[in-house]
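# Results of the structural survey
These are the residues of each chain, in order.
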Amino acid sequence: AFDEALTGENPDYAKAKAIYSKGTGASCKSPVKARTLQDFAQADLAGESYYDTFIAAGAPPKWWHSWMLMMLDDTTGMSRVKRVTSLKKGALGLMTFYTSHELEAAI
C-alpha cells in the first residue's frame, strides 16, 4: 500500500504518510492493534546489537522516524523522482532495521 501510494506522476504523499503512521491493518501482532512503519521507526531497541551498532556509528535514536517525516512532509526540496525513490528505499531500510530486531528477539 505504501509503495502504491507513491506510484505514478502524482504520488499521494498524504496517503503514504497515513499508511506510515496508521498502517493498513495488514500486520498485526495482537488482535486489536495494527503494527505501523512509524511504530517500527520509533521502537526503543537499545541493548540489541544491530541497533546499538547503528547508534554507535553516529545515528541519533529515532533517526528513521525523523527521516521518514522529513521525506513525507517534503522538507528536502528534492525532485519527485528523488523523493519517491528515497521514500521507497527508506521504507525498505526501515524494515531491514526492524527485521533485525525480530531476528534478534527470536534467537
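Residues numbered from 1 in each chain as written. Predicted model: local features only at pLDDT ≥ 70, side-chain atom pairs only at ≥ 80, totals over all residues. Heavy atoms only, no water.

### Remarks on the nonpolar core
F2, L6, Y20, L87 and L94 are the most contacted members of the largest nonpolar core, which has 24 residues in total. The element that contributes the greatest number of residues to this core is helix α6 (residues 80-106), accounting for six residues. If near-sequence neighbours (up to four positions away) are discounted, Y20 is found in contact with F2, T36, L37, Q38, A41, W64, H65, M68, L69, L72 and L94. (Core = buried A, V, L, I, M, F, W, Y, C linked by side-chain atoms within 4.5 Å. Buried < 20%, exposed > 50% of the residue type's maximum accessible area, 1.4 Å probe, protein only. Helix = DSSP H or I, 4+ residues; strand = E, 2+ residues; numbered from the N terminus. Contact = heavy atoms within 4.5 Å.)

### A short note on the packing of aromatic side chains
In the structure shown here, the tally under the stated rule is eight aromatic pairs. On the basis of an interplanar angle of 70 degrees and a centroid distance of 4.7 Å, the ring pair of W63 and W64 is categorised as edge-to-face. Of the residues examined, W63 reaches a relative accessible area of 30% and is grouped as partly exposed. Aromatic ring contacts, followed pair by pair, group Y50, Y51, F54, W63, W64, W67 and F97 into a single cluster. Between R83 and the ring centre of Y13, over which it is positioned, the NZ or CZ distance is 3.4 Å. (Phe/Tyr/Trp six-rings, centres within 6.5 Å; stacked < 30°, edge-to-face > 60°. Lys NZ or Arg CZ within 6 Å of the ring centre and 35° of its normal.)

### A look at the packing of helix α4 (residues 49-56) against α6
Contact geometry of α4 with α6 gives a least axis separation of 8 Å together with a crossing angle of 140 degrees. As judged from the angle between their axes, α4 and α6 are oblique. Together, S49, Y50, Y51 and F54 of α4 and F97, S100 and E104 of α6 make up the contact between the two elements. Partitioning the contact of α4 with α6 into residue classes produces four nonpolar, two polar and one charged. (Axes fitted to C-alpha atoms, helices over the stretch in contact; angles between N-to-C directions. Parallel < 35°, antiparallel > 145°, perpendicular 65-115°, else oblique. Nonpolar A, V, L, I, M, F, W, Y, C, P; charged D, E, K, R; others polar.)

### Concerning unusual backbone geometry
Backbone geometry at K62 places phi at a positive 65 degrees, although glycine is not the residue there. Position of K62 among the secondary structure elements: in the loop between α4 and α5 (63-72). Classification of K62 as partly exposed rests on a relative accessible area of 38%. Look at D74: it is not a glycine, yet its phi comes out positive at around 55 degrees. Within the fold, D74 resides in the loop between α5 and α6. Under the relative-accessibility criterion, D74 is labelled partly exposed at 36%.

### Side note on the side chain of R83
The topology assignment puts R83 in helix α6. Dropping the residues within four chain positions of it, R83 is found in contact with Y13, M71, L72, D73, D74 and M78.

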